Amino acid sequence: MNVTRGFTGRPRVHHPGLPPGQYDAGDDWPVLSAEVTPDLTPADWTFRVDGLVGEPRTWDWDEAHTLPESRYEGDIHCVTSWSKFGVRFGGVSLDAFLAAVRPDAAATHAVAYSHTGYTTNLPLADLTGGRAWIAWEYDGRPLTPEHGGPARLLVPHLYFWKSAKWIAGLRLLDHDEPGFWEQNGYHERGNPWEEQRYSGD
Amino acid sequence: MTDTFAAPAAFTPPTRFAVPGRIAVSNRSAAVWQTATLTEIRRETPQAATFRFAVPAWAGHLPGQHLMLRLIAQDGYTAQRHYSIASAPDDDGHIELTLDHVAGGEVSGWFHTEAKPGDRVEVRGPLSGFFAWPGDRPALLVGAGSGVVPLMSMVRHHRARGLDVPLRLLVSARGPEELIYAREYGAETTPVFTRSAPRGVPAGRLAAAHLAPVLAGSGLPPGGWEAYVCGSNAFAEHASRLLVAAGQPVDRIRIERFG
Ligand SMILES: Cc1cc2nc3c(=O)[nH]c(=O)nc-3n(C[C@H](O)[C@H](O)[C@H](O)COP(=O)(O)OP(=O)(O)OC[C@H]3O[C@@H](n4cnc5c(N)ncnc54)[C@H](O)[C@@H]3O)c2cc1C
């Protein structure tokens, strides 16, 4: 590592919640989607889980809202280096959707896809055990379109490109299949604590 | 590096909108940090300057790509940010970045107050093929502020190679003083001034009337445009809505948001 002459940087704040290479974006919540924000209303929104499952199923907005409500309060980390602390999302735990479709024992991975056609791949283990949500509320308000509303996937322990905006479905697979950014050089898993930004990290 | 669209993934989502296909580029250099030595600083506007670096082992890039840059303090503390590459790919072992001076900015602040030729920083890249333009299809470029940086790489590439493929740039700035690369634009460019404009030119936001000449009638090239939008999120939302309203297909609009 080359020390940069004259660079001191901001005062060091030791924040145990800040993964390596990340900084605290404070109140900012940058928007980084690569596509046009879709005009998608709750009435148009559906969420499907299929692939290696006992019983594929599609939920519409009202049906999804009959599942038990679940909240996430904590931190999120974007691969572009910002982190945001103490955010509050509301929605339904992905476990509730998965329980309804009964995943096959052979299922190891999933491709999450959006109503825009955006895709991202995740190990199934990262989507279960109370660590992933379908979220439609942010800070007690409906999630705004540019942040993925009406509903997005939320997998806060991985870099945020895994938390697909405008979520349309999950397909369960017995292998890993790279999604949009993963085909574009980004890491297959994206664990911020191991700084898995780009493939090969 | 290849210029082709990637083969479709095994799973194609059944969706109502469509993200543009990616453009396949090499990933091999993305994982390695390289030393970039500052060789020249050129002022562009009161807020923005261009920084030229020697990066001897630079693997080359496509216009529109960006890199990750990091500064390292004595105690090992690092600050890293993304920057678009402003220069055209010219294989001479140099790249240029253009940075806005963000008030209180950790990285842009160092560049604008401290940096001088001979200083060394670290870069990895080029990154992300999504916003790349290989020069193979008509390109409609729409940018604001420092969002013009990756688009300028495309304009420069178009010129350097003498490409025939149509290319148009709509660039928005507060006023003529704030227009980055003002001296370099030619007939391909229409500046849009939001606050103060030269005499005889109305000031105002990018509007449908700016897009009409290129998206309707004889302005529209055969096969249509690939649109590249870059700037703040607010600008990207505004510009992409105008493009869709003017008939530009959603799956041919690529957006780079600086957050
Ligand atoms: C793909 C991509 C390409 C980009 N290309 C370009 C480009 O070509 N040119 C360009 O100029 N920019 C570009 N950007 C933006 C760039 O990455 C940086 O965000 C920008 O330079 C600001 O970084 P900074 O370190 O100077 O500011 P930061 O330190 O990140 O600060 C940004 C703002 O937040 C405030 N802030 C943040 N953290 C703190 C804190 N801890 N304490 C106090 N205040 C804080 C600052 O006061 C300031 O107002 C690009 C971004 C992306 C994602």
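The rules we used
- Residues numbered from 1 in each chain as written.
- Chains lettered and ligands numbered in written order.
- Predicted model: local features only at pLDDT ≥ 70, side-chain atom pairs only at ≥ 80, totals over all residues.
- Heavy atoms only, no water.
- UniProt positions renumbered as here; feature names shortened; annotations may be inferred.
- Phe/Tyr/Trp six-rings, centres within 6.5 Å; stacked < 30°, edge-to-face > 60°.
- Buried < 20%, exposed > 50% of the residue type's maximum accessible area, 1.4 Å probe, protein only.
- Helix = DSSP H or I, 4+ residues; strand = E, 2+ residues; numbered from the N terminus.
- Contact = heavy atoms within 4.5 Å.
- Buried area = accessible area lost by both parts, 1.4 Å probe.
- Salt bridge = Lys/Arg side-chain N within 4 Å of Asp/Glu carboxyl O.
- Polar contact = N/O pair within 3.5 Å; in protein donor to acceptor, adjacent residues only side chain to side chain.
- Nonpolar A, V, L, I, M, F, W, Y, C, P; charged D, E, K, R; others polar.
- Domains from an automatic or database assignment.
- Near = heavy atom within 4 Å.
- Areas by Shrake-Rupley, 256 points an atom, 1.4 Å probe, with all protein chains shown as cover.
- Pairing = 2+ DSSP bridges.
- Axes fitted to C-alpha atoms, helices over the stretch in contact; angles between N-to-C directions.

The name given to chain B in an unreviewed UniProt entry is Oxidoreductase, with Streptomyces phaeofaciens as the source organism. According to UniProt, the comment filed for chain B under the heading Cofactor (unreviewed entry) is "FAD".

Looking at an unreviewed UniProt entry, one finds chain A named Molybdopterin-binding protein, with Streptomyces phaeofaciens as its source organism.

Enquirer: Which residues make up the packing of aromatic side chains, and what values do they have?
Expert: Tallied over the full model, the rule gives 24 aromatic pairs over all chains. Taking the centre distance of 6.3 Å and the plane angle of 5° together, the rings of Trp-45 of chain A and Phe-47 of chain A count as stacked. According to the relative accessible area criterion, Phe-47 of chain A is buried, its value standing at 0%. For the pair Phe-180 of chain A and Phe-130 of chain B, a centre-to-centre distance of 5.1 Å together with 70° between the ring planes defines the contact as edge-to-face. Linking Phe-180 of chain A in the segment after β11 (167–173) with Phe-130 of chain B in the loop between β6 (120–127) and β7 (139–144), this pair reaches from one chain into another. Residue class for Phe-180 of chain A comes out buried when judged on its relative accessible area of 7%.

Enquirer: Kindly report on the interface of chain B and chain A, identifying the contributing residues and their values.
Expert: Residue-level contacts link 57 residues of chain B with 50 residues of chain A. With both sides pooled, the region where chain B packs onto chain A buries about 4700 Å², and carbon together with sulfur makes up 54% of that total. Among the salt bridges present, the one from Glu-114 of chain B reaches Arg-5 of chain A, with a minimum N-O distance of 3.3 Å. Between chain B and chain A we count 21 residue pairs in polar contact (both at pLDDT 80 or more) in total. Where the side of chain B that touches chain A is concerned, the elements lending two or more residues are β3 (66–72), β4 (78–84), α1 (106–113), β6, α4 (233–245) and β11 (253–257) of chain B. Counted by class, the side of chain B that touches chain A contains 26 nonpolar, 16 polar and 15 charged residues.

Enquirer: Lay out the domain arrangement of chain B in plain terms, naming residues and giving numbers.
Expert: Residues and elements named next belong to chain B. Each domain of chain B was delimited in the assignment, giving domain 1 (34–127) and domain 2 (139–257). Here the C-alpha centre of domain 2 lies 24 Å away from the C-alpha centre of domain 1. If you look at the interface, domain 1 gives 19 residues, while domain 2 gives 16 residues. Summed over both sides, the interface of domain 1 with domain 2 buries roughly 1400 Å², with 52% coming from carbon and sulfur. Three residues, Glu-44, Pro-63 and Ala-86, lead the burial of domain 1 against domain 2; their summed loss comes to 29% of the area buried on that side. Summed over the shared surface of domain 1 and domain 2, the number is zero salt bridges.

Enquirer: Go over the site of the ligand with me, naming the residues and quoting the values.
Expert: Around the ligand lies a shell of 24 residues, among which Arg-10 of chain A together with His-82, Tyr-83, Val-107 and Ser-108 of chain B are the nearest. Among the chains of the assembly, those with residues near the ligand are chains A and B. The contact in question runs from an oxygen atom of the ligand to an N or O atom on the side chain of Arg-81 of chain B, over 2.8 Å. Val-107 of chain B has a polar backbone atom sitting 2.8 Å from an oxygen atom of the ligand. Within the complex, the protein chains bury 75% of what would otherwise be the 970 Å² of accessible surface of the ligand. Elements with a minimum of two residues in the shell around the ligand: β1 (23–24) of chain A together with β4, β5 (94–100), α1 and β11 of chain B. Sort the elements by how many residues they give to the shell around the ligand and β4 of chain B lands first, with four residues. Residue composition of the shell around the ligand, grouped by class: nine nonpolar, eight polar and seven charged.

Enquirer: Please provide a residue-by-residue account of the UniProt feature "domain: FAD-binding FR-type" (unreviewed entry) in chain B, values included.
Expert: In the numbering used here, UniProt assigns the "domain: FAD-binding FR-type" (unreviewed entry) feature to residues 31–133 of chain B. In residues 31–133 of chain B, the share of helix is 8% and the share of strand is 45%. The end C-alpha atoms are 22 Å apart.

Enquirer: Could you give me a rundown of the sheet that holds strand β8 (residues 167–173) of chain B, with the residues and numbers involved?
Expert: Residues and elements named next belong to chain B. Taken together, five strands build an open sheet; the order of strands is β9-β8-β7-β10-β11 and the sheet is parallel. Whereas interior strands pair on both sides, the edge strands pair on one side only; in this sheet they are β9 (189–193) and β11. Put simply, the sheet's adjacent strands are angled 15° from each other on average, direction ignored. Bridge count between β8 and β9: five bridges; the pairing is parallel. Note that in β9 the partner of Leu-169 across the bridge is Thr-189. Each of β7, β8 and β9 is contacted by helix α3 (residues 208–215), which is oriented at about 175° to β8, the strand it contacts most.

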